[in-house]
Amino acid sequence: MSAQGTSAVAGKSARTPRGAWTITFLLFLFMVVNFADKIVVGLAGVPIMTDMKLSAEQFGLLGSSFFFLFSISAIVVGFVVNKVPTRWVLLVMAVIWALAQFPMVGTVSFTTLLICRIVLGAGEGPAFSVAAHAIYKWFPDEKRTLPTAILSQGSAFGVILAVPALNWIIVNHSWHYAFGALGVVGLIWVAAWLALGKEGPLEDTEVLAVTEPKIPYVQLLTSRTFLGCVFATFGAYWALSLGLTWFTPFIVKGLGFSQSQAGFISVLPWVFGATIVMLTGWISQVMMARGYTTRISRGVLGSVPLIIGGLILGMMPHVQGAGLQIALLVVGSGLCGAIYVVCPPMLGEFTPASQRGAVIAIYGALYTLSGIIAPSVMGTVIQRAGSMLDGYLTGFTINAAVMMASGVIGLVLLWPNTEKTRLTRGASAQRAALKGAISPT
């Protein structure tokens, strides 16, 4: 068995089992619901601030509150899925998401709204890492980039599909009902998963936990590729969390568009980002099939768009006109999507399958810390700026600097192919000893 543990049955590591794409589609929908839940506060930001008389700093705190338990939950659940089937973990998480939405349907205080967002964040913290871990039980390593891209697409489509529908509810009824609609959608996904969700056949969680050679976590978590993934995705998630919380208020209050107009404009970064995600997944898989190393086909391919995106975003304060500023924001932030596609497969290259759930979860827990920082930083900058538009543009300039720095760090550190060789050298000796101990001959 390889250090990745990509197959529990010899000779089947290159084959994709029947039903793999059905599970991929269900988990894509899982991420659609996940990001619809995330975007609703930002989309309803102006009505919420108006109804509840919130300052920019208070709204920034509300945006950040979603991430208070996000990282802790991701780490805890990451270790759980090393030993517990992902089917049941995903089900419990989705139930929590749905139930956390319903208190907002009626009259709600700022404290209640804050608590519900914290609970929702705790439920959604492990979402991507657990879903990726589940998908990797259905695909061998060389075929994982494209399903990872499809999984990542759930974030874009969660916004693209949800924004028009939720914005219609907000404009024609109330922002309270938008939360209730998401709760109902969450329960529908729960029913579909109960009927169709299965555990991947390429890996047996319980068997691998006992038989697979392990690499010490300190070596995995201090490897340069792990650190490179954390730093690179930290910058990308800074942009994403601002998009979730502040993009629509920027369109309405910073540029003067109506709530209805902002609903349509708000989907543009996600449409562009979805294109980048799918292109990255396809290009990466083609490059690997043609013999490129994963250093190039994953590491470089994911890092360079971050640097370019930061440069584009940094031009916003230096151009005139709302249309051009929106275009720069859409393209600059949309390029971040590439890094989400390549990092989980890179970590899966050198992490034993029985440890992969925890490692991907810890990776997610660390990079999403920017979700706590970024919305609050933007709120503070806006509150203290000479004008609201200047505050927004300063906040996006900070975002640009973070993106460029994280892209450069990723470009320097992401070497998954050599990491695999180094880390699995010791595991190979352990594997040989284990094989000799259990072999009947």
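Residues numbered from 1 in each chain as written. Predicted model: local features only at pLDDT ≥ 70, side-chain atom pairs only at ≥ 80, totals over all residues. Heavy atoms only, no water.

1. Considering the overall build of the protein chain
Turning to step 1, where the next piece is worked out: Scanning the protein chain from N- to C-terminus turns up 21 helices and zero strands.
Turning to step 2, where the next piece is worked out: Taken over the C-alpha trace, the protein chain has a radius of gyration of 22 Å; the compact-globule value for 441 residues is 22 Å, and the two agree within 12%.
Turning to step 3, where the next piece is worked out: Split into buried and exposed, the 441 residues of the protein chain put 59% on the buried side.
Turning to step 4, where the next piece is worked out: Partitioning the intrachain contacts of the protein chain with sequence separation of at least 6 by distance along the chain shows that 86% fall at a separation of at least 24.
Turning to step 5, where the next piece is worked out: For the protein chain, the accessible area works out to roughly 16400 Å², and carbon and sulfur atoms hold 70% of it.
Turning to step 6, where the next piece is worked out: A distance of 7 Å separates the average location of the 25 positive side-chain charges in the protein chain from that of its 14 negative side-chain charges. (Helix = DSSP H or I, 4+ residues; strand = E, 2+ residues; numbered from the N terminus. Rg over C-alpha atoms; globule rule 2.2 N^0.38 Å. Buried < 20%, exposed > 50% of the residue type's maximum accessible area, 1.4 Å probe, protein only. Contact = heavy atoms within 4.5 Å. Areas by Shrake-Rupley, 256 points an atom, 1.4 Å probe, with all protein chains shown as cover. Lys, Arg positive; Asp, Glu negative; His and termini not counted. Charge placed at Lys NZ, Arg CZ, Asp CG, Glu CD.)

2. Re the side chain of S333
Turning to step 1, where the next piece is worked out: Tracing the backbone shows S333 in helix α16 (residues 322-334).
Turning to step 2, where the next piece is worked out: Judged by relative accessible area, which is 19%, S333 ranks as buried.
Turning to step 3, where the next piece is worked out: Of the polar contacts made by the side chain of S333, one reaches the backbone oxygen of L329; its length is 2.5 Å.
Turning to step 4, where the next piece is worked out: Those residues in contact with S333, other than ones at most four positions away along the chain, are A239, P269 and L328. (Polar contact = N/O pair within 3.5 Å; in protein donor to acceptor, adjacent residues only side chain to side chain.)

3. Notes on the nonpolar core
Turning to step 1, where the next piece is worked out: With 127 residues, the main nonpolar core has L27, F30, W270, I339 and Y363 as its most contacted residues.
Turning to step 2, where the next piece is worked out: With 16 residues, helix α12 (residues 224-254) is the single largest residue contributor to this core.
Turning to step 3, where the next piece is worked out: When neighbours within four sequence positions are excluded, L27 is seen to be in contact with L90, A131, A134, I135, L151 and W193. (Core = buried A, V, L, I, M, F, W, Y, C linked by side-chain atoms within 4.5 Å.)

4. Overview of the confidence of the model for the protein chain
Turning to step 1, where the next piece is worked out: Per-residue confidence for the protein chain gives a mean pLDDT of 85, with 91% of residues at or over 70.
Turning to step 2, where the next piece is worked out: In the model of the protein chain, helix α10 (residues 205-211) stands out as the element of lowest mean pLDDT, 60, in contrast to helix α15 (residues 294-313), which has the highest, 96.
Turning to step 3, where the next piece is worked out: Overall, residues 1-13 carries pLDDT values under 50, and its contacts beyond four positions in sequence, including any with other chains, amount to 41 contacts.
Turning to step 4, where the next piece is worked out: Confidence drops under a pLDDT of 50 for residues 437-441, and excluding neighbours within four residues, the segment shows zero contacts in the predicted structure. (pLDDT = per-residue confidence, 0-100.)

5. Topic: helix α5 (residues 86-101)
Turning to step 1, where the next piece is worked out: With 16 residues, α5 should reach 22 Å at 1.5 Å per residue; the first-to-last C-alpha distance of 23 Å fits that figure.
Turning to step 2, where the next piece is worked out: When α5 is considered as a whole, its buried residues turn out to be T86, V89, L90, L91, M93, A94, W97, A98, A100 and Q101.
Turning to step 3, where the next piece is worked out: Considering only its buried residues, α5 is in contact with α1 (20-43), α4 (70-80), α6 (110-124), α7 (127-135) and α9 (175-196). (Expected span 1.5 Å × (residues − 1).)

6. Notes on a nonpolar patch on the surface
Turning to step 1, where the next piece is worked out: Together, L61, F68, L69, I72, V76, V80 and V84 give the surface a local cluster of nonpolar side chains, amounting to about 530 Å² of exposed area.
Turning to step 2, where the next piece is worked out: Per-element tally for the nonpolar patch: the top contributor is α4, with three residues.
Turning to step 3, where the next piece is worked out: Along the chain, V76 turns up in helix α4. (Patch = residues over 30% accessible without salt bridge, like charges linked within 9 Å, V, L, I, M, F, W, Y side chains within 5 Å. Salt bridge = Lys/Arg side-chain N within 4 Å of Asp/Glu carboxyl O.)

7. So, the environment of L328
Turning to step 1, where the next piece is worked out: If you trace the backbone, L328 turns up in helix α16.
Turning to step 2, where the next piece is worked out: According to the relative accessible area criterion, L328 is buried, its value standing at 11%.
Turning to step 3, where the next piece is worked out: With 12 residues separating them along the chain, L328 and M316 place their C-alpha atoms 6.4 Å apart.
Turning to step 4, where the next piece is worked out: If we ignore the near neighbours within four places in the chain, the residues touching L328 are I312, L313, M315, M316, V319 and S333.

8. Quick look at the environment of G332
Turning to step 1, where the next piece is worked out: Note on placement: G332 falls in helix α16.
Turning to step 2, where the next piece is worked out: Using a relative accessible area of 0% as the deciding quantity, one classes G332 as buried.
Turning to step 3, where the next piece is worked out: Separated by 25 residues in the primary sequence, G332 and I307 place their C-alpha atoms 9.3 Å from one another.

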